[in-house]
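Descriptive structure summary
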Amino acid sequence: VRGSVSVTMQPSGQLTSADLADLVGQASRLADLAGRSDLTDRLAQARAVLAGRRIRITVLGAPGQGTTSVVRALERSTGERLPGASVTEVATRPGGQLWLPEPAATDVVLFVSEADQAYSDWELDIIARLRAQGTTVAGIISKIDLYQQWSEVQRANRQRLQAANLDSPSVTLLPVSAGLLHAGQ
């Protein structure tokens, strides 16, 4: 034995690219200890791919809900907070044709809904479809500067998600405001 190595196992669940890169690094150290330079080289290539992986964000919501503002804010953040992220905007219409991203084409869907009312049945159906295909979903409650009752809407959204059995694992619900962002608040 050339040396020792410690391997850390994590509980099952969703892993980030950094988690995967760490696991590949651990496997590479094991391959090196076993004298398997062929595996060490292949694992080094895999780790490089994971380290350079771009996060793919899809912003989904009905027209007028604030999807464009969310996309603009994310695009401004990609250089410093989300390096290399790609952001795609998708507008949906109640009763219209629904396009959902393929699970392999996106890492997370930010589902945008205005803070004027709780999720409609149509919106819950979209979230259910996304969850059923294994897509990570975060709810964006937009335009909170225009609606003082936004926190009540946030609670109602949580209750509707729970009643529809869509909140396990829990869907993050983020209140946002383009108006407050531009005002620097």
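A few points on the structure. (Residues numbered from 1 in each chain as written. Predicted model: local features only at pLDDT ≥ 70, side-chain atom pairs only at ≥ 80, totals over all residues. Heavy atoms only, no water.)

**Digging into the overall build of the protein**
Summing up its helical and strand segments, the protein has six helices and five strands in all. Overall, the protein shows an N-to-C arrangement of helices and strands of α-α-β-α-β-β-α-β-α-β-α. Residues counted as buried form 33% of the 185 residues belonging to the protein. Considering only residue pairs separated by 6 or more positions, the protein has 75% of its internal contacts joining residues 24 or more positions apart. (Helix = DSSP H or I, 4+ residues; strand = E, 2+ residues; numbered from the N terminus. Buried < 20%, exposed > 50% of the residue type's maximum accessible area, 1.4 Å probe, protein only. Contact = heavy atoms within 4.5 Å.)

**Describing the sheet that holds strand E4 (residues 137-142)**
Backbone-to-backbone hydrogen bonds join strands into a sheet, with any given pair of strands oriented parallel or antiparallel. Ordered in space as E2-E1-E3-E4-E5, the five strands form an open sheet in which the pairing is parallel. Only two strands of the sheet have a single neighbouring strand rather than two, namely strand E2 (86-91) and strand E5 (172-175). The mean inter-strand angle of the sheet, taken between neighbouring strand axes irrespective of direction, is 25°. Pairing analysis gives six bridges linking strand E3 (residues 108-114) to E4, with the strands arranged parallel. Bridge assignment links Ser-113 to a residue of E4, and that residue is Ile-141. Packed onto the sheet, helix H4 (residues 121-132) meets strand E1 (56-61), E3 and E4 and runs at close to 175° relative to E3. Against the sheet, helix H5 (residues 150-163) engages E4 and E5, with an angle of about 165° to E5. (Pairing = 2+ DSSP bridges. Axes fitted to C-alpha atoms, helices over the stretch in contact; angles between N-to-C directions.)

**Side note on the pairing of E1**
Among the six residues of E1, five are classified as buried, and the element is accordingly described as predominantly covered. Of the strand pairs in this sheet, E1 and E2 are connected by six bridges, and their pairing is parallel. In the sheet register, Leu-60 faces E2, and the bridge partner there is Val-90. One ladder, built from five bridges, connects E1 with E3; its direction is parallel. Bridging from a neighbouring strand, Val-59 pairs with Leu-110 of E3.

**Describing the nonpolar core**
Leu-60, Phe-111, Tyr-119, Leu-130 and Leu-161 are the most contacted members of the largest nonpolar core, which has 18 residues in total. In terms of residue count, H4 provides more of this core than any other element does, four residues in total. Residues Val-71, Ala-85, Leu-110 and Ile-140 belong to the second largest nonpolar core, which totals 12 residues. (Core = buried A, V, L, I, M, F, W, Y, C linked by side-chain atoms within 4.5 Å.)

**Here's the deal with the side chain of Gln-65**
Relative to the helices and strands, Gln-65 resides in the loop between E1 and helix H3 (67-77). Residue Gln-65 is classed as buried on the basis of its relative accessible area of 15%. Aside from chain neighbours lying at most four places away, what touches Gln-65 is Val-112, Ser-113, Glu-114, Ser-142 and Lys-143.

**Notes on the side chain of Arg-131**
By the element assignment, Arg-131 lies in helix H4. The side chain of Arg-131 is buried and forms no salt bridge, while Asp-167, the nearest opposite charge, is found at 5.2 Å. Here the side chain of Arg-131 touches Leu-166 through a polar contact of 3.1 Å, landing on its backbone oxygen. When residues no more than four places from it in sequence are discounted, the contact partners of Arg-131 are Val-137, Leu-166, Ser-168, Pro-169 and Val-171. (Lys, Arg positive; Asp, Glu negative; His and termini not counted. Salt bridge = Lys/Arg side-chain N within 4 Å of Asp/Glu carboxyl O. Polar contact = N/O pair within 3.5 Å; in protein donor to acceptor, adjacent residues only side chain to side chain.)

**Here we look at H4**
Between its terminal C-alpha atoms H4 stretches 16 Å, which fits the 16 Å expected from 12 residues at 1.5 Å a residue. Of all the positions in H4, only Glu-123, Leu-124, Ile-126, Ile-127, Leu-130 and Arg-131 are classed as buried. End-on, the buried residues of H4 take up no more than an arc of 155°, which puts them together on one face. Residues of H4 that are exposed and point more than 90 degrees away from the buried face comprise Asp-121 and Ala-132. Looking at the buried residues of H4, the elements they touch are E1, E3, E4 and H5. Once H4 finishes, Gly-134 follows within two positions and takes phi at roughly 85°, a positive value. (Expected span 1.5 Å × (residues − 1). Arc of directions from axis to C-beta.)

Geometry only, nothing functional implied.
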